[in-house]
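What the coordinates show
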Amino acid sequence: HGGAQPFWIFVEDNESQTLHHHETFLLTKKSAQMKEIQQVNFTIPLSEPVPSQYMIRVISEKFYGAEETVPLSFQHLILPLTHPPYTELLPLHPLPTTALNSHEFMKLYRFSHFNPVQTQVFHHMYHTDLNALVGAPTGSGKTITAELALLRVFALYPGQKVIYIAPLKALVKERLEDWGRRFE
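Definitions and cut-offs
Residues numbered from 1 in each chain as written. Predicted model: local features only at pLDDT ≥ 70, side-chain atom pairs only at ≥ 80, totals over all residues. Heavy atoms only, no water. Helix = DSSP H or I, 4+ residues; strand = E, 2+ residues; numbered from the N terminus. Rg over C-alpha atoms; globule rule 2.2 N^0.38 Å. Contact = heavy atoms within 4.5 Å. Areas by Shrake-Rupley, 256 points an atom, 1.4 Å probe, with all protein chains shown as cover. Lys, Arg positive; Asp, Glu negative; His and termini not counted. Charge placed at Lys NZ, Arg CZ, Asp CG, Glu CD. Phe/Tyr/Trp six-rings, centres within 6.5 Å; stacked < 30°, edge-to-face > 60°. Buried < 20%, exposed > 50% of the residue type's maximum accessible area, 1.4 Å probe, protein only. Axes fitted to C-alpha atoms, helices over the stretch in contact; angles between N-to-C directions. Parallel < 35°, antiparallel > 145°, perpendicular 65-115°, else oblique. Left-handed = near helix turned anticlockwise from the far one by under 90°. Expected span 1.5 Å × (residues − 1). Arc of directions from axis to C-beta. Pairing = 2+ DSSP bridges. pLDDT = per-residue confidence, 0-100.

Turning to the overall build of the protein chain, a few remarks are in order. When helices and strands are counted, the protein chain shows five helices and four strands. In the protein chain, the succession of α and β elements from N to C terminus is β-β-α-β-β-α-α-α-α. Taken over C-alpha atoms, the radius of gyration comes to 27 Å for the protein chain, far larger than the 16 Å a tight globule of 184 residues would show. Restricting the contact set of the protein chain to residue pairs at least 6 apart, pairs at least 24 apart contribute 48%. Approximately 14100 Å² of the protein chain is accessible, and the part contributed by carbon and sulfur atoms is 59%. Charged side chains in the protein chain number 15 positive and 17 negative. The centres of these two groups are separated by 11 Å.

Structure below.
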C-alpha cells in the first residue's frame, strides 16, 4: 500500500450543515507501525449560541469505507469573555528615572519620575526580552515605554537594529528625528 496513506479530516457542524475545517493528513507506515501518536492542530470558529457539538470525520482517500466519525461535545465548554478585561492600572508609587541605573539614559529625560503607565510596565520593558502590547490613551506615555525597550537593546545588544512601526509615515519620521537627536 506504499509508505504512507492520505486521509481527509473534516470538522462539521451537523446542526447548521456547515463545514468549518478540512485538510489532508498523511499517515506514514513507519509512524503507524511504531504506534506513534499523531497530532493535528487547527482552529475552528465558535459563536453564540454555542452548538451542542461538532463532528470530526476522518476518511481514507484510498480505501472505500475506511472512515471514522467522532463527536466533539461543547456541552460543558466555558468560553472566555468576548471582550477580555484590560489590566487595571495598579496604585504604584511613581518610579524614579534612577531605576534606569544609567546616568547616560537618565539624561535622556527631563522628568524625574515615570508616569503610572510607564511605572507599571517598566520592569517588563526594561528588564526582559518578552513581547509586550501596551494599549493606553493618547498622551499616556506609550512612546517612552517603547523607549525603555530600545534602551535595553542599546545596553545589552549593541549594534543590533530595532524596528519601529506606526500607523502613519509622518509619525515614524517624527520619532526617527527625535531619537536620532537624543540617542546619538
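All right, on to the packing of aromatic side chains then. Taken as a whole, this structure holds 10 aromatic pairs when the rule is applied. Aromatic pair Phe114 and Phe122: ring centres 5.5 Å apart, planes at 40°, arrangement tilted. Phe122 matches Phe114 in its accessibility class, with the two residues each being buried. Aromatic pair Phe154 and Phe183: ring centres 5.3 Å apart, planes at 75°, arrangement edge-to-face. Of the two residues, Phe154 is situated in helix α4 (residues 142-156) and Phe183 in helix α5 (residues 169-183); the sequence distance between them amounts to 29 residues. These aromatic residues form a ring-pair network of at least three members: Tyr109, Phe111, Phe114, Phe122 and Tyr126.

Interhelical geometry of α4 versus α5 gives an angle of 50° and a closest axis separation of 13 Å. With respect to each other, α4 and α5 are oriented oblique. The interaxial crossing formed by α4 with α5 has right-handed handedness. Together, Thr143, Glu147, Leu150, Leu151 and Phe154 of α4 and Arg175, Asp178, Trp179, Arg182 and Phe183 of α5 make up the contact between the two elements.

Another aspect to go through is α5. Taking 1.5 Å as the rise per residue, α5 with 15 residues should run 21 Å; its terminal C-alpha atoms sit 20 Å apart, in good agreement. Burial in α5 covers these residues: Arg175, Asp178 and Trp179. Down the axis of α5, the buried set is contained in an arc of 95°. They therefore lie on one face. Exposed residues on α5 whose side chains face more than 90 degrees from its buried face are Lys169, Ala170, Lys173, Leu176 and Arg181.

This next bit is on the sheet that holds strand β4 (residues 67-73). The strand order across the open sheet built from four strands is β2-β1-β3-β4, with neighbouring strands paired in antiparallel fashion. Looking at the sheet topology across the chains shown, the edges are occupied by β2 (18-28) and β4. Pairs of neighbouring strands in the sheet enclose a mean axial angle of 20°, with direction left out of account. Here strand β1 (residues 4-13) runs beside β2; their pairing, made up of 10 bridges, is antiparallel. In the strand pairing of β2, Ile9 is matched with Glu23.

Of all residues in the protein chain, 99% attain a pLDDT of 70 or more, and the chain-wide mean is 91. Per-residue pLDDT, averaged within each element of the protein chain, yields its smallest value for helix α1 (residues 29-33) (88) and its largest for helix α3 (residues 116-127) (96).

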